[in-house]
Amino acid sequence: MSGDGVVVVGASLAGAHAALELRRLGYSEPVTLVGAEPHLPYERPELSKGYLAGEVTLDRLLVAPATAYPDADVDLRLGVRAVDVDSALRRVHLANGETLAYDALVVATGSANVRPRIDGLDLGGVFSLRTVDEAEALAAAARPGGRAVVVGTGLVGCEVAATLSTLGLCVSAVDPLPGPLWTALGPQLSALVRGWHTEHGVDVISGTGVAAIEGAGHAERVRLADGRVLEADVVVVGVGARPVLDWLTRAPLTLAAGGVAVDAEQRSDVPGIYAAGDVAAVTAPGAPQPRRTEHYSSAVAQGKRVAHAVVGLPMPSPQQDWFWSHQYGHYLQYAGEHGPDDELVVRPEPFAAFFLRDAVLRAVATVDNGRDLRRALRLIGRPVDRAVLADPGGDLRTVA
Ligand SMILES: Cc1cc2nc3c(=O)[nH]c(=O)nc-3n(C[C@H](O)[C@H](O)[C@H](O)COP(=O)(O)OP(=O)(O)OC[C@H]3O[C@@H](n4cnc5c(N)ncnc54)[C@H](O)[C@@H]3O)c2cc1C
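Residues numbered from 1 in each chain as written. Predicted model: local features only at pLDDT ≥ 70, side-chain atom pairs only at ≥ 80, totals over all residues. Heavy atoms only, no water.

### A look at the overall build of the protein
Thought 1: Assigned secondary structure in the protein consists of nine helices and 26 strands.
Thought 2: Along the first, second and third principal axes, the C-alpha set of the protein runs to 60 × 60 × 35 Å.
Thought 3: Within the protein, the proportion of its 400 residues that are buried is 52%.
Thought 4: Residue pairs in contact within the protein that sit at least 24 positions apart in sequence constitute 58% of those at least 6 positions apart.
Thought 5: The positive charge centre, built from 35 side chains, and the negative charge centre, built from 47, are 3 Å apart in the protein. (Helix = DSSP H or I, 4+ residues; strand = E, 2+ residues; numbered from the N terminus. Buried < 20%, exposed > 50% of the residue type's maximum accessible area, 1.4 Å probe, protein only. Contact = heavy atoms within 4.5 Å. Lys, Arg positive; Asp, Glu negative; His and termini not counted. Charge placed at Lys NZ, Arg CZ, Asp CG, Glu CD.)

Spelled out as structure tokens, the structure:
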């Protein structure tokens, strides 16, 4: 160690947790947290929910209060992008010309939204949603009575459709896949989510994509691949995300699942470089392949794990990743990873769906039923008694 300390690039969920956890664990060398956005590190999930609805303000989204960083002696550099890394000399170059030396570099640059090849993306009234500034711009354009077309019915698309509809817009949501949240949840649960949307008047158009967004300077209509045309004042494009790796081209990092390949201690194969959050593809002990997740819970846990690895402390016990979604007042939660051929066992009320392969629980999804989610978390990867799962009164604590 040269005394250069830790440079964390990406001042958001994983990065801020890594920086603050280093100090909590007693790390005494310099800690610098570099972020491209001008805002204090904040949490994104509410951007498509309460923040877009005008119910939550930015100060409620902060990972930690402004004072937490000076109090922890974390040197916070906001509004500046890292543009290059020299991993042999252990230096990070910033867009403002500064160079930061490091003993350990934490790559926490998260995801950027995918920009699909659709004509008209640059028209006024076309939005993407990843940052608080984008959420603010969309909120300002979302006027009750307006017509909105949401392109993509993954998690963010579904939530935006639900929020805009609740705000009084007339919403259509379009996706070439057969149903909303199809990849994340599978056909049966997709049908459940479709029901929520149609109940609230959202037109969910599945099985066709968007050919073009048209208008004179501003979006006026969306032309679908099947020839249909939807009138639009606001178009929101949410077709997925990809890890932000463009500033790492000179570091000879191994990539996996689209991200930086790391071991269970978040260490890459380049000495001194760690990765955490959306950008990291983690190979857990005993896991067949690296896995990259784009979830709040994993970004927080991995940020903290990096700090433990840097300080040389034992890793916190691994946690099962899970995510949630709020739509029309429903609280959907999902943990694990299912496959298309898994058997589905459903408890209707309170709703829980269990995905089984060879009598082993692979994944669980619940609606307004945090208790079953919490209990099932401990069962994932273990053989389970199908009859107890299917019985609405069956106690999940006795199921394994
Ligand atoms: C609208 C929305 C809703 C979501 N809802 C949910 C939800 O309900 N549940 C859930 O589990 N997850 C949700 N997520 C996903 C969750 O927010 C992410 O998994 C999480 O933010 C990942 O954290 P991260 O720190 O890895 O990356 P990010 O939060 O993406 O942060 C990366 C940061 O790095 C910065 N950066 C990028 N490149 C550079 C560079 N070169 N130099 C300096 N800084 C850079 C970026 O500006 C950004 O601030 C949602 C995401 C979005 C966008």
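### A short note on the site of the ligand
Thought 1: In the neighbourhood of the ligand, 34 residues make up the surrounding shell, with Ser12, Glu37, Arg44, Lys49 and Asp278 lying closest.
Thought 2: Residue Ala14 places a main-chain N or O atom 2.9 Å away from an oxygen atom belonging to the ligand.
Thought 3: Between an oxygen atom of the ligand and a side-chain N or O atom of Lys49, the distance comes to 2.6 Å.
Thought 4: Protein chains bury 95% of the 1,000 Å² of accessible surface belonging to the ligand in isolation.
Thought 5: Of all the secondary-structure elements, those providing two or more residues to the shell around the ligand are helix H1 (13–24), strand E2 (31–35), helix H4 (155–166), helix H7 (296–311) and strand E22 (322–327).
Thought 6: The class makeup of the residues in the shell around the ligand is 17 nonpolar, nine polar and eight charged.
Thought 7: Counting residues domain by domain, the shell around the ligand receives three or more from each of domain 1 (6–112 + 242–311) and domain 2 (126–239). (Near = heavy atom within 4 Å. Polar contact = N/O pair within 3.5 Å; in protein donor to acceptor, adjacent residues only side chain to side chain. Areas by Shrake-Rupley, 256 points an atom, 1.4 Å probe, with all protein chains shown as cover. Nonpolar A, V, L, I, M, F, W, Y, C, P; charged D, E, K, R; others polar. Domains from an automatic or database assignment.)

### A short note on the layout of surface pockets
Thought 1: Put simply, the second largest pocket is a space of about 1,200 Å³.
Thought 2: If you go around the second largest pocket, you meet 34 residues; those closest to its centre are Ala284, Arg291, Gln319, Gln320 and Asp321.
Thought 3: Element by element, the count of residues in the lining of the second largest pocket is highest for H7, at eight residues.
Thought 4: The residue inventory of the lining of the second largest pocket, partitioned by class, reads 15 nonpolar, twelve polar and seven charged. (1 Å grid on protein atoms, 1.4 Å probe; cavity = no way out; pocket = protein on both sides within 12 Å on 5 of 7 lines; lining within 4 Å. Points joined across faces, edges and corners; volume = space filled by probe spheres on them.)

### So, the sheet that holds strand E6 (residues 99–101)
Thought 1: Pairing is antiparallel across the open sheet formed by three strands, whose spatial order is E4-E5-E6. Two strands close off the open sheet at either side, each with one partner strand: strand E4 (82–86) and E6. Each strand of the sheet is rotated relative to its neighbour by a mean of 20°, with strand direction disregarded. (Pairing = 2+ DSSP bridges. Axes fitted to C-alpha atoms, helices over the stretch in contact; angles between N-to-C directions.)

### Thoughts on helix H6 (residues 187–199)
Thought 1: When the terminal C-alpha atoms of H6 are compared, their 18 Å separation across 13 residues agrees well with the 18 Å that a helix rising 1.5 Å per residue should span.
Thought 2: Once H6 ends, the next one or two residues include Gly201, with phi positive near 85°. (Expected span 1.5 Å × (residues − 1).)

### Considerations on the pairing of strand E11 (residues 170–175)
Thought 1: Of all six residues in E11, five are buried; the element is thus mostly enclosed.
Thought 2: Pairing of strand E10 (residues 147–151) with E11 involves five bridges; the strand directions are parallel. Along E11, the bridge assignment pairs Ala148 with Val171.
Thought 3: Between the parallel elements E10 and E11, the chain passes through H4 in a crossover that is right-handed.
Thought 4: Here four bridges tie E11 to strand E12 (residues 203–206), and the two strands are oriented parallel to one another. When the sheet's bridge partners are listed, Ala173 is paired in E12 with Val204. (Right-handed = clockwise from strand over helix to strand, strands pointing away.)

### Considering the side chain of Asn369
Thought 1: Within the secondary structure, Asn369 is located in the loop between strand E26 (360–367) and helix H8 (370–377).
Thought 2: Those residues in contact with Asn369 that lie beyond four places of it in its chain are Gln333, Pro350, Phe351 and Ala352.

### Points about unusual backbone geometry
Thought 1: The omega torsion of the bond from Glu349 to Pro350 falls at -10°, within 30 degrees of zero and hence cis.
Thought 2: Structurally, the position occupied by Pro350 is in the loop between strand E24 (343–347) and strand E25 (352–357).
Thought 3: Positioned with a positive phi, Asp358 is a non-glycine residue whose angle comes to about 50°.
Thought 4: Looking at the element boundaries, Asp358 is found in the loop between E25 and E26.
Thought 5: Look at Asp368: it is not a glycine, yet its phi comes out positive at around 50°.
Thought 6: In this fold, Asp368 is placed in the loop between E26 and H8.
Thought 7: The exposure class of Asp368 is partly exposed, given its relative accessible area of 42%.

### Digging into the domain arrangement of the protein
Thought 1: When cut into domains, the protein gives domain 1 (6–112 + 242–311), domain 2 (126–239) and domain 3 (329–398).
Thought 2: Each of domain 1 and domain 2 has a C-alpha centre, and the two are 30 Å apart.
Thought 3: On the domain 2 side, the residues contacting the 16 residues of domain 1 number 14 residues.
Thought 4: Between domain 1 and domain 2, the buried area comes to about 1,300 Å², and carbon and sulfur atoms account for 63% of it.
Thought 5: Counting the surface domain 1 buries against domain 2, the share from its top three residues, Ser48, Tyr51 and Leu52, is 44%.
Thought 6: For the pair domain 1 and domain 2, the interface holds one salt bridge.
Thought 7: A salt bridge links Glu159 to Lys49; its shortest N-O distance comes to 3.0 Å.
Thought 8: The interface formed by domain 1 and domain 2 contains seven residue pairs in polar contact (both at pLDDT 80 or more). (Buried area = accessible area lost by both parts, 1.4 Å probe. Salt bridge = Lys/Arg side-chain N within 4 Å of Asp/Glu carboxyl O.)

### Details of the pattern of salt bridges
Side chains that differ in charge, positive against negative, can pair when their charged atoms come close.
Thought 1: All chains considered together, the criterion is met by 24 salt bridges.
Thought 2: With a closest N to O distance of 3.0 Å, Glu37 and Arg44 form a salt bridge.
Thought 3: On the basis of relative accessibility, which here comes to 21%, the residue Glu37 falls in the partly exposed class.
Thought 4: Relative accessible area serves as the criterion here: at 23%, Arg44 is assigned to the partly exposed category.
Thought 5: Residues Arg77 and Glu98 are paired through a salt bridge, measuring 2.6 Å at the closest nitrogen-oxygen approach. With Arg77 in strand E3 (residues 74–78) and Glu98 in the loop between strand E5 (91–94) and E6, the pair connects residues that are 21 residues apart, well separated along the chain.
Thought 6: Three or more residues are tied together by salt bridges with common partners; here these are Glu214, Glu220, Arg221 and Arg223.

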